[in-house]
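# Structure assessment
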Amino acid sequence: MSQLSSRPKILDSILENIGQTPLVRIKKIGKEQGLKCELLAKCEFFNASGSIKDRIVKRMIEEAELSGSITPGKTTIIAPTSGNTGISIAMTAALKGYRVIITMSEKMSQEKVNTLKALGAEIIRTPGEASSDSPEHHINVAKRLCDEIPNAIIFDQYNNQYNPIALYDTIAEEILESCDYRIDMFVAGVGTGGTITGIAKKLKEKCTTNVKIIGVDPFGSTVALPETLNTKSTTPRQIEGIGHDFVPGVLKREFVDEWFKSDDKSSFMMARRLISDEGLLCGGSSGAAMLAAVHAAKDLQDDQRCVVILADSVRNYMTKFLSDDWMCQYGFMDDV
Ligand code: PMP
């Protein structure tokens, strides 16, 4: 069922500013890379809390409220997250009156932590190197807390069916409508896999064209197929929001036609180009997705179209890839 709705002139709260994000033509980058096709970016950083995660959080909270499993003032929501889902939950909870505890890896940016704190969330940071089978891993810490705290619930975006369903119902419909149901390639970074699974399913059902789905997985992650693509990395990756050492429950890899392995340096350079050349104030995983798109769309013709998801905002990375010092420190840029 389509959940597209027009926006009222006055919003009852900022939570009504979710969805109906701009789809923007990428002019310079595509041309410079010699692409013939139309290249389009779906700018999810225009959602209320600055990322695509507002769509799934809205749905997961609404469904939990409907089923009576959460109650404002009583329930503690615990969320293991790379940051954006937590920020969205914290914003919603601040408005609705839930207590929120976020468990997140130390790898995630200080900007995300500060935003979460400002929104009133309690934060527990877990070691960046903890593997998914370690008790220290942010997902396992969340599970332990949920057992200990009365009236606590985990919003497990890795296994919650409403993660992909929210995207199937909203953003996929928006893209289809904007593109008159003609899309030849779709590219998205893969974290929980909700984005690629929900959108790919709908596009494959409804596109009048044969759409090819490209999943973006960073080097060091083991989510891509075939497995031989997942070569071991000696340095920890810096990109946030995409890549894991396990396959999330909501990710249906059968919807992905081809995987692209992204590296940190090229992803951050591309994110900076999206900012400098196209004026799109997006995050690092958006750079990875655009990098994949300019490689994968090389064979598309001038009457074809490629849509890329820009998942979050540069706000999360002001002291990271936006900083020349940080880029130099990690060897992503020569000293300036
Ligand atoms: N980019 C960023 C910055 C994210 O935070 C996420 C979510 N983890 C993604 C991409 C991937 O989205 P999904 O979880 O739907 O695969």
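Residues numbered from 1 in each chain as written. Predicted model: local features only at pLDDT ≥ 70, side-chain atom pairs only at ≥ 80, totals over all residues. Heavy atoms only, no water.

Put simply, the rule is: UniProt positions are given in the numbering used here, feature names are shortened, and annotations may be inferred rather than shown by experiment.
With an unreviewed UniProt entry as reference, the protein is termed cystathionine beta-synthase, source organism Phascolomyces articulosus. Note on the protein: under the UniProt heading Sequence similarities (unreviewed entry), the record states "Belongs to the cysteine synthase/cystathionine beta-synthase family." In UniProt, the protein has this text filed under Cofactor (unreviewed entry): "pyridoxal 5'-phosphate".

## Quick look at the sheet that holds strand 6 (residues 152-154)
In sheet architecture, strand pairing relies on hydrogen bonds along the backbone and comes in two forms, parallel and antiparallel. What counts, and what does not: Here the rule is simple: two strands pair whenever DSSP picks up at least two bridges between them. Where helices and strands are cited, they refer to DSSP runs of H or I of at least four residues and of E of at least two residues respectively, numbered from the N terminus. Structural elements are reduced to axes, namely lines fitted to C-alpha atoms, with helices fitted over the stretch in contact, and the angle between N-to-C directions of any two is expressed from 0 to 180 degrees. When checking whether two residues touch, look at their non-hydrogen atoms; a contact exists if any pair is within 4.5 Å.
Spatial ordering of the open sheet is given by 5-4-3-6, a layout of four strands whose pairing is parallel. Because the sheet does not close on itself, it has two edges, and the strands there are strand 5 (122-126) and strand 6. For this sheet, the mean angle separating the axes of adjacent strands, direction not counted, is 20°. As paired strands, strand 3 (residues 76-80) and strand 4 (residues 99-105) are joined by five bridges and run parallel to one another. The residue of strand 4 that forms the bridge with Ile77 is Val100. Helix-sheet contacts for helix 3 (residues 84-96) involve strand 3 and strand 4, and the interaxial angle to strand 4 is about 170°.

## Structural notes on helix 2 (residues 53-66)
Note the following rule: How far a helix is expected to stretch is found by multiplying one less than its residue total by 1.5 Å. Accessibility here uses a 1.4 Å probe with only protein chains present; expressed as a share of the type maximum, an area under 20% marks a residue as buried, one over 50% as exposed, and anything in between as partly exposed.
Between the first and last C-alpha of helix 2 there are 20 Å, a value that for 14 residues agrees with the 20 Å anticipated at 1.5 Å per step. All of the buried residues in helix 2 are Lys53, Asp54, Arg55, Ile56, Val57, Arg59, Met60, Ile61 and Ala64. Its buried side turned inward, helix 2 meets strand 2 (38-43), strand 3, helix 3, helix 6 (162-169) and helix 7 (171-178). Immediately downstream of helix 2, the backbone of Gly68 shows phi near 80°, a positive value.

## A few points about the UniProt feature "domain: Tryptophan synthase beta chain-like PALP" (unreviewed entry) in the protein
Summarizing the sequence annotation, UniProt attributes the feature "domain: Tryptophan synthase beta chain-like PALP" (unreviewed entry) to residues 15-312 in the numbering used throughout. End-to-end, the C-alpha atoms of residues 15-312 are 17 Å apart, and along that stretch the chain is 37% helix and 17% strand.

## Let's talk about the nonpolar core
The cut-off we apply is this: Among the buried residues, those of types Ala, Val, Leu, Ile, Met, Phe, Trp, Tyr and Cys that are joined through side-chain atoms within 4.5 Å form a nonpolar core.
Grouped together as the largest cluster of nonpolar side chains are 50 residues, with contacts concentrated most on Phe155, Ile175, Ile183, Phe186 and Ile199. Top element by residues in this core is helix 2. It accounts for five residues. Filtering out sequence-adjacent residues up to four positions away, Ile183 remains in contact with Ile175, Leu176, Leu203, Cys207, Thr209, Asn210, Val211, Arg305 and Val307. Counting 43 residues, the second-largest nonpolar core is a separate cluster that includes Ile26, Leu291, Ala292 and Val294.

## Things to note about the site of the ligand
Convention followed: For this purpose, a residue is taken to be near a molecule or strand whenever a single non-hydrogen atom of the residue falls within 4 Å of it. Distance and chemistry together define a polar contact, namely a pair of N or O atoms within 3.5 Å, with one atom able to donate a hydrogen and the other to accept it when in protein, and with adjacent residues in sequence counting only for side-chain atoms on both sides. Accessible areas in this description were obtained via Shrake-Rupley with a 1.4 Å probe; residue shielding takes into account the shown protein chains only. All residues other than Ala, Val, Leu, Ile, Met, Phe, Trp, Tyr, Cys, Pro, Asp, Glu, Lys and Arg, Gly among them, are scored as polar; the first ten of these are nonpolar and the last four charged.
Taken together, 17 residues form the shell around the ligand, and within it Lys53, Gly191, Thr192, Thr195 and Ser285 come nearest. Between the ligand and Gly191, the relevant distance is 2.7 Å, taken from an oxygen atom to a main-chain nitrogen or oxygen of the residue. Between an oxygen atom of the ligand and a main-chain N or O atom of Gly193, the distance comes to 2.8 Å. Protein chains bury 96% of the 390 Å² of accessible surface belonging to the ligand in isolation. The residue inventory of the shell around the ligand, partitioned by class, reads four nonpolar, 10 polar and three charged.

## Some details on the packing of aromatic side chains
Under the convention used in this document: What counts as a ring pair is set by centres within 6.5 Å for rings of Phe, Tyr and Trp (its six-membered ring), and what kind of pair is set by the plane angle: stacked under 30 degrees, edge-to-face over 60, tilted for all other angles. Any Lys NZ or Arg CZ found within 6 Å of a ring centre and within 35 degrees of that ring's normal is scored as a charge over the ring.
For the structure shown, the criterion picks out nine aromatic pairs. Aromatic pair Trp326 and Tyr330: ring centres 4.8 Å apart, planes at 40°, arrangement tilted. Using a relative accessible area of 36% as the deciding quantity, one classes Tyr330 as partly exposed. Here Lys202 stacks its cationic end above the ring of Tyr168, 4.0 Å away from the centre of that ring.

## Some remarks on the pattern of salt bridges
A side chain with one charge may pair with a side chain of the opposite charge, provided their charged atoms come close. Here is the rule: Each salt bridge in this description consists of a side-chain nitrogen of Lys or Arg and a carboxyl oxygen of Asp or Glu lying within 4 Å of one another.
In the structure shown here, the tally under the stated rule is 21 salt bridges. Note that Glu63 is salt-bridged to Arg59, the shortest N-O span being 2.8 Å. In this pair, Glu63 and Arg59 are both assigned in helix 2, four residues apart and thus about one turn of the helix distant. The shortest N-O distance in the salt bridge between Asp324 and Arg272 comes to 2.8 Å. Taken together, the residues Asp324 in helix 11 (residues 324-329) and Arg272 in helix 9 (residues 264-278) connect sequence positions 52 residues apart. The class for Arg272 is buried, based on a relative accessible area of 19%.

## Remarks on the side chain of Glu240
Mapped onto the elements, Glu240 comes out in the loop between strand 8 (212-218) and strand 9 (258-262). For Glu240, a relative accessible area of 5% corresponds to the buried category. Side chain to side chain, Glu240 and Lys112 meet in a polar contact 2.7 Å long. The residues touching Glu240, leaving out its near neighbours within four places in the chain, are Lys107, Met108, Ser109, Lys112, Ser285, Tyr317 and Lys320.

## Re unusual backbone geometry
The residue after Leu225, namely Pro226, is reached through a cis peptide bond having omega -5°. Secondary-structure assignment places Pro226 in the loop between strand 8 and strand 9. In this structure, Gln20 is a non-glycine residue whose phi angle is positive, near 55°. Along the chain, the position of Gln20 falls in the segment before strand 1 (23-25).

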